Amino acid sequence: MSFRRIRSVLLQELFITYRSMEIIFDVFILSLISLFLFGFLSLYLVGTQNAIAGKILLLGMLLWDVIRIIQYSISIGSLWNLWARNLCNMFIAPLHMGEYLLAHTLSGIAKAILVFTLDSVLAILVFHFNIYQVGTVNLVLFFLNLSIFAFVTGIVIVGLILCYGMRIQAFAWGLIPMLQPLTAALFPVKVLPTPLQGVAYLFPCTYIFEAARYSLSSGNRDWHAISVAFFLNLLYLLLSTLFFKMMFRRARNTGQFVRNES
Amino acid sequence: MRTTGPVYEDFVGELIFYAVVEYLRKYCTISNGKMMSEVILQVENLVKKYGSFRAVGGISFSVPRGKVVGLLGPNGAGKTTTIQILLGVTLKNGGMIKYFGKDFYRHRQYCLQRINFTSAFNTLQGRITVWENLVVFAGLYGVEKSKKKIMELAKYLEIINLLPELYQNLSAGQKTRVNLVKSLLNDPELLLMDEPTASLDPDITDKTLSLIEDLKKSRSLAILYTSHDMEEVTRICDEVIFLDRGKIVAHDTPLNLTKSISEAQLRLTFDDNKSAIDQYLKSCEYRYTFLSDHVVLIDVEATLIPKLLLGISKTDVDITDIDIRKPTLEDVFLQIARGGNDVIS
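None of the values given here were measured: they were computed from a predicted structure.

### Thoughts on the nonpolar core
Here's step 1: If you look at the biggest cluster of nonpolar residues, it comprises 166 residues, and the most contacted ones within it are L63 and L162 of chain A together with L41, Y99, L192, L224 and F242 of chain B.
Here's step 2: Of all the elements, helix 3 (residues 51–83) of chain A adds the most residues to this core, at 19 residues.
Here's step 3: Ranked by size, the runner-up nonpolar core spans 16 residues in total, among them Y280, L281, I298 and I305 of chain B.

What follows is the structure in structure tokens.
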């Protein structure tokens, strides 16, 4: 690992971000739109019998954005170089794939922290919802676990695109929203039909959303859910790294890695 | 004190001897009694298969320091696949690649640090400026004093005014020069160039080729060069490798390769008496075509041209113009592309 090369990829990511309206819109504006949508919905729910549901919605939305932004940064970051036919150039330089992915993850985490901070402050000011009441340590643990899960989904998507080509590039922005209902980000898992509850518990972030809701309502920490999420994340991290290596090797073996840019 | 002189001279002599040995060790290898240039890239029995299709079928060659080696062949011959394998973006199925004597797959980063690549088909990031692109690549290659280096190269390749421009807004010729700057950032000892002048107009192509010639001379740069343009290959390549269906079918200097085609074309313009010249050529069993009533094109072995001209001069024909077209690398290429692909040398 070379700090210099990681810094260079981060620099490229920074240059692309401030020159691309798409990224600014997808990362920052879309988050703000979601915040206001769910914020007003929560204000409406405050006036009903189910006032806590409004807070749960905002909590889920703010935490879900952590996954969305980091995964987006990893997947779309690679797509920007593929679209520009520049990814091969990057790997003709002595850049290691691990360094490349780490840089995009760090960039994603930085963007996620920025958006989360901005949105959480706005949530306090405009919608009187303070996400920090779940506890700072809890938030750090949630953020860490959600970041790992975002990294896992990000590298699986990049691996698939490298291996099977640009025809499946829609996965980069389409796969994560498909997971949102399955992981019960915005509502308790018990709302899901029983068979889907089993599926939901396959995802580490489901435990994090459950733990967050528990902390919000009780003020306590659900160590069990956080631990299960962490160990599932470690398992998926290992599996996804192996999967990515396999896909990257296969892409170079079949020539798809180069054909993606032709 | 009398012994000091010889001892001192011995010491200096020894120093010079070791300096010479060190220089030879660094820049030359001695093989079979002949001094050879240092081999920068060595490829042995390289194989690439896509399913049952052999894109590269066991090719071997080397690129010495300071030499330009052309990799030529018709579409689908395996040139680009070979370059991709040499850069590590496509994996080989067999064979060995060594840069600077080190196995590429075991020392990928070490090798990539000392080589670079440019192509008309690979572009840099279009959304950001030329300067930003170059800063990113300078960082990837760990270039010291990168800003100074970029400015030096930008001045050398005359792209200073392009530095603040978005890369996507540049013309094809400007992009080629920017790509060349990128490919020189790490002071490479070997440059792989995949059709760098494709889609450029003749003036920019000429400038680019002059730059490559200058780089070769000034930096003792080794270059592996692919192109479809035989004139530019003849101009800049010291050696040419012809590939066809993944195999090397010819490997020699451009001059020797053109010598391998013995037939030249003789174009004669004459006043009249077409029938007399027709009769003579028929009697000598030459292959010929009349382009008009006053012009004939004759395929003839280069060595037989004087004899042919002497024979015609004895007939009742007044020749007003003689044009001899010697075989070119393009003829070698066409011969290979059209199936006459026995190994030429």
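### Brief notes about helix 3 of chain A
Residues and elements named next belong to chain A.
Here's step 1: Look at helix 3: 46 Å from first C-alpha to last across 33 residues, which is about the 48 Å you get at 1.5 Å a residue.
Here's step 2: Roughly 25 degrees is the biggest bend found in helix 3, and it falls at S73.
Here's step 3: Burial analysis of helix 3 places 29 of its 33 residues in the buried class, the great majority of the element.
Here's step 4: In the segment just after helix 3, R85 is the residue with positive phi, at about 55 degrees.

### Some remarks on a nonpolar patch on the surface
All names here are of chain A.
Here's step 1: Residues F36, F40, L43, V121, I124, L125, V126 and Y132 make up a contiguous nonpolar surface patch of roughly 660 Å² in combined accessible area.
Here's step 2: For the nonpolar patch, the secondary-structure elements that each account for two or more residues are helix 2 (21–46) and helix 5 (97–127).
Here's step 3: The element best represented in the nonpolar patch is helix 5, accounting for 4 residues.
Here's step 4: Assignment of secondary structure puts F40 in helix 2.

### Quick word on the interface of chain B and chain A
Here's step 1: Contact with chain B, which involves 35 residues of that partner, is made by 35 residues of chain A.
Here's step 2: Together, the buried faces of chain B and chain A total about 3,100 Å²; carbon and sulfur atoms form 54% of this surface.
Here's step 3: It is V89, R127 and L140 of chain B that lose the most area in chain B upon contact with chain A, and together they represent 22% of the buried surface on that side.
Here's step 4: Inspection of the chain B/chain A interface yields 3 salt bridges.
Here's step 5: With its nearest N and O atoms 2.6 Å apart, the salt bridge here joins R127 of chain B to E22 of chain A.

### Quick look at the side chain of N186 of chain B
All names here are of chain B.
Here's step 1: With respect to the helices and strands, the residue N186 is situated in the loop between helix 6 (172–184) and strand 9 (190–194).
Here's step 2: Relative accessible area serves as the criterion here: at 11%, N186 is assigned to the buried category.
Here's step 3: Of the polar contacts made by the side chain of N186, one reaches the side chain of N116; its length is 2.9 Å.
Here's step 4: Residue contacts for N186: discarding those within four places in its chain leaves L112, Q113, R114, I115, N116, Y141 and V143.

### Notes on the packing of aromatic side chains
Here's step 1: Applying the stated criterion across every chain, the model contains 21 aromatic pairs over all chains.
Here's step 2: When the centroid spacing of 6.1 Å and the interplanar angle of 70 degrees are considered together, the rings of F91 of chain A and F257 of chain A count as edge-to-face. Of this pair, F91 of chain A sits in helix 4 (residues 87–92) while F257 of chain A sits in helix 11 (residues 256–259), placing them 166 residues apart in sequence.
Here's step 3: Residue classification places F257 of chain A among the buried residues on the basis of a relative accessible area of 1%.
Here's step 4: Joined through ring pairs, the aromatic side chains of F91, Y100, F244, F248 and F257 of chain A make up one cluster.
Here's step 5: When the ring centre of F248 of chain A is taken as reference, the NZ or CZ atom of R252 of chain A above it lies at 4.4 Å.
Here's step 6: Looking at K182 of chain B, its charged tip hangs above the ring of F137 of chain B, at a distance of 5.5 Å from the centre.

Parameters and conventions
- Residues numbered from 1 in each chain as written.
- Chains lettered and ligands numbered in written order.
- Predicted model: local features only at pLDDT ≥ 70, side-chain atom pairs only at ≥ 80, totals over all residues.
- Heavy atoms only, no water.
- Core = buried A, V, L, I, M, F, W, Y, C linked by side-chain atoms within 4.5 Å.
- Buried < 20%, exposed > 50% of the residue type's maximum accessible area, 1.4 Å probe, protein only.
- Helix = DSSP H or I, 4+ residues; strand = E, 2+ residues; numbered from the N terminus.
- Expected span 1.5 Å × (residues − 1).
- Bend = angle between axes of the 7 residues up to and from the residue.
- Patch = residues over 30% accessible without salt bridge, like charges linked within 9 Å, V, L, I, M, F, W, Y side chains within 5 Å.
- Areas by Shrake-Rupley, 256 points an atom, 1.4 Å probe, with all protein chains shown as cover.
- Salt bridge = Lys/Arg side-chain N within 4 Å of Asp/Glu carboxyl O.
- Contact = heavy atoms within 4.5 Å.
- Buried area = accessible area lost by both parts, 1.4 Å probe.
- Polar contact = N/O pair within 3.5 Å; in protein donor to acceptor, adjacent residues only side chain to side chain.
- Phe/Tyr/Trp six-rings, centres within 6.5 Å; stacked < 30°, edge-to-face > 60°.
- Lys NZ or Arg CZ within 6 Å of the ring centre and 35° of its normal.

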